[in-house]
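Fold and contact review
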Amino acid sequence: MAKTASFSCSNCGAIHSKWSGRCDDCGAWNTIAEDAPLSAGPSAKGLGAARGTTIPLSDLASTEKPPERTKSGIAELDRVLGGGIVPASAILVGGDPGIGKSTLLLQGAAAFARRGIHSVYISGEEASAQIRMRAKRLGLADAPVKLATETDLRNILTTIEKEAPDLVIIDSIQTMWLDTVDSAPGSVSQVRATAHELTTFAKKRGVSVILVGHVTKEGQIAGPRVVEHMVDTVLYFEGERGHQFRILRAVKNRFGPADEIGVFEMTGEGLSEVPNPSVLFLSENDTPASGSAVFAGIEGTRPVLCEFQALVSPAPAGQARRSVVGWDGGRLSMILAVLEARCGIPFAGLDVYLNVAGGLRVSEPAADLAVAAALLSAREDIALPKGTVVFGEISLSGHVRPVGQTETRLKEAKKLGFTQALLPDRSKIGTVAGLKVQKLPDLATMVGDIFGAG
Ligand code: TYD
Ligand code: MG
């Protein structure tokens, strides 16, 4: 029988029957490469007459206790993990090269080790001397972390089998290779195979494994998305170049809530925790400026206040520009359309720029009202009243819909010295003393009451 080749995308892991320049699944260019051929195992030949053994089936009801988590003591990391690390779990930490993954995990390994978790840190990228130097600079040299530089997974598995640690960190999965797979380290087949070996090992031996994965722009190297489905927890470490802060975001977690974030600041002495991120994302400007609106948002289980900034200026003849940083461009178009169709405020012939200060990315629809407020404020050149926070979802009909966790948002605003809130009518609020609330049934009310336009 002729060998059938298979191809896969290094960006999203989709499997294709033939090569093409662009992946249909994720739209990335030049990311499809041929997979190494599978050896002719039972699946290649069909099951035939050979029978498997029976596996024991059990009931749903269990008397087992929930897994015992261990905290690192780094609160921002523990929160994102869902309250600490679960034994025998596989965790992926993805992020751009240079964002601080190795720093984070070295600090994490040291923190876990100091709490009695037997931790091993294996680097395929840096020499042990280099890591020791970094540890010294970060004040971690005394932490009982075991260190090695190795890329051959066979040696790594043999070593950790003998050492029997509680936690193994593999930095990075793209540098690991297995001699049974006939392709270069970093290829989709190698990354898949080594990640599979490591996660199976984790489950069998009760060891927690953290895999580091670089987000790659080129197609030659497989990205972390290729292994997302194999692990229990997927965390991404994000940040903007030119900004000091970093966000660790849980995008999948079998042992805790997804969408949780941990906020860190990169300093000369490594990553330090930012327990109150709202302070970081609000600008220090005390006098209200037009085009700015503070959004009382929720990230994971925590309230985070941030500032939306809008700029509206006459467009040169031709196409008006719409430029967004930190929010969804489609959602901006929708709000501009609602403002025009339901409130009679046109933006045609105007360039519109929208930015979330500090480099945060907001994905909550609850930010709609804050975006509309920033846009109107910029267009009318009227600043919102001092000390105002805004939140609420806008529907296509122009109504303002209530959103969840109203009280948490208001309490955070109050804590940070805000004095009033614009929020949806029908919001369920308890008593947040000292905060003046103005409930809006629809967008047109905000246009009329706050900006005296429309
Ligand atoms: P690193 O953890 O090596 O990134 P990654 O593993 O994601 O590729 O971090 C690299 C950057 O962090 C590097 O540009 C220097 C900076 N950094 C600091 O600013 N302070 C520090 O204490 C450390 C260790 C790194
Ligand atoms: Mg690194």
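Residues numbered from 1 in each chain as written. Chains lettered and ligands numbered in written order. Predicted model: local features only at pLDDT ≥ 70, side-chain atom pairs only at ≥ 80, totals over all residues. Heavy atoms only, no water.

This part is about the overall build of the protein chain. Across its full length, the protein chain holds 11 helices and 21 strands. For the protein chain, the spread of C-alpha atoms along the three principal axes comes to 75 × 55 × 50 Å. Relative to its full complement of 454 residues, the protein chain shows a buried share of 48%. Surface summary for the protein chain: the accessible area is close to 22,200 Å², and the carbon and sulfur share equals 52%. Where the 47 positive side-chain charges of the protein chain centre and where its 49 negative ones centre are 3 Å apart. (Helix = DSSP H or I, 4+ residues; strand = E, 2+ residues; numbered from the N terminus. Buried < 20%, exposed > 50% of the residue type's maximum accessible area, 1.4 Å probe, protein only. Areas by Shrake-Rupley, 256 points an atom, 1.4 Å probe, with all protein chains shown as cover. Lys, Arg positive; Asp, Glu negative; His and termini not counted. Charge placed at Lys NZ, Arg CZ, Asp CG, Glu CD.)

On to the environment of Ser333, then. The residue Ser333 is located in helix 8 (residues 329-343) in this model. Here Ser333 falls in the partly exposed class, since its relative accessible area comes to 42%.

Membership of the largest hydrophobic core comes to 65 residues, with the highest contact counts inside it found for Phe308, Leu339, Leu375 and Met446. Of the residues forming this core, the biggest block, 9 residues, is contributed by helix 9 (residues 368-380). When residues of this core are assigned to domains, at least three fall in each of domain 2 (75-275) and domain 3 (280-449). In this structure, Leu339 is in contact with Gly344, Ile345, Phe347, Leu375, Leu376, Leu443 and Val447, ignoring residues within four places of it in sequence. (Core = buried A, V, L, I, M, F, W, Y, C linked by side-chain atoms within 4.5 Å. Domains from an automatic or database assignment. Contact = heavy atoms within 4.5 Å.)

Of all 7 residues in strand 11 (residues 261-267), 5 are buried; the element is thus mostly enclosed. With 5 bridges joining them, strand 10 (residues 245-253) and strand 11 adopt antiparallel strand pairing. Among the inter-strand pairings, Arg246 is bridged to a residue of strand 11, identified as Phe264. Counted between consecutive antiparallel strands, the loop separating strand 11 from strand 12 (residues 270-273) contains 2 residues. (Pairing = 2+ DSSP bridges.)

With that settled, consider the packing of aromatic side chains. One pass over the structure, following the stated rule, counts 3 aromatic pairs. Measuring from centroid to centroid gives 6.1 Å for Phe237 and Phe264, while their planes differ by 75 degrees, and the two rings are edge-to-face. Taken as a pair, Phe237 in strand 9 (residues 233-238) and Phe264 in strand 11 lie far apart in primary sequence, 27 residues in all. With respect to burial, Phe237 and Phe264 carry one shared label: buried. Aromatic side chains Phe308 and Trp327 sit 5.9 Å apart centroid to centroid with 80 degrees between the ring planes, which places their arrangement in the edge-to-face category. One end of the pair, Phe308, is in strand 14 (residues 302-314); the other, Trp327, is in the loop between strand 15 (322-325) and helix 8, and 19 residues separate them in sequence. Exposure remark for Trp327: the relative accessible area of 5% places this residue in the buried category. One aromatic cluster is present, built from ring pairs that chain together Phe295, Phe308 and Trp327. Here Arg409 stacks its cationic end above the ring of Phe391, 5.4 Å away from the centre of that ring. (Phe/Tyr/Trp six-rings, centres within 6.5 Å; stacked < 30°, edge-to-face > 60°. Lys NZ or Arg CZ within 6 Å of the ring centre and 35° of its normal.)

With that settled, the discussion passes to the domain arrangement of the protein chain. Accessible area lost during the coming together of the parts is what is often quoted as the interface size. When cut into domains, the protein chain gives domain 1 (1-34), domain 2 (75-275) and domain 3 (280-449). With centres defined by C-alpha atoms, the gap from domain 2 to domain 3 works out at 37 Å. Contact between domain 2 and domain 3 buries roughly 1,000 Å² in total, counting both sides, with carbon and sulfur atoms accounting for 56%. Together, Phe245, Glu260 and Ile261 form the three largest contributors to the area buried by domain 2 at its contact with domain 3, with a combined 39%. Two residues, Arg249 and Glu299, come together in a salt bridge whose shortest N-O distance is 3.3 Å. The tally of links from domain 2 across to domain 3 stands at 4 residue pairs in polar contact (both at pLDDT 80 or more). Among the residues making up the side of domain 2 that touches domain 3, the classes are represented as 6 nonpolar, 2 polar and 6 charged. (Buried area = accessible area lost by both parts, 1.4 Å probe. Salt bridge = Lys/Arg side-chain N within 4 Å of Asp/Glu carboxyl O. Polar contact = N/O pair within 3.5 Å; in protein donor to acceptor, adjacent residues only side chain to side chain. Nonpolar A, V, L, I, M, F, W, Y, C, P; charged D, E, K, R; others polar.)

Not every one of the 16 residues close to ligand 1 is listed here, only the nearest: Gly98, Lys101, Ser102, Thr103 and Thr267. Residue Arg134 places a side-chain N or O atom 3.2 Å away from an oxygen atom belonging to ligand 1. Within the backbone of Thr267, one N or O atom sits 2.8 Å away from a nitrogen atom of ligand 1. Compared with its free state, where it exposes 560 Å², ligand 1 has 73% of that area covered by protein. Elements with a minimum of two residues in the shell around ligand 1: helix 3 (101-114), helix 4 (128-137) and strand 11. Of all the elements, helix 3 adds the most residues to the shell around ligand 1, at 3 residues. Partitioning the shell around ligand 1 into residue classes produces 4 nonpolar, 7 polar and 5 charged. (Near = heavy atom within 4 Å.)

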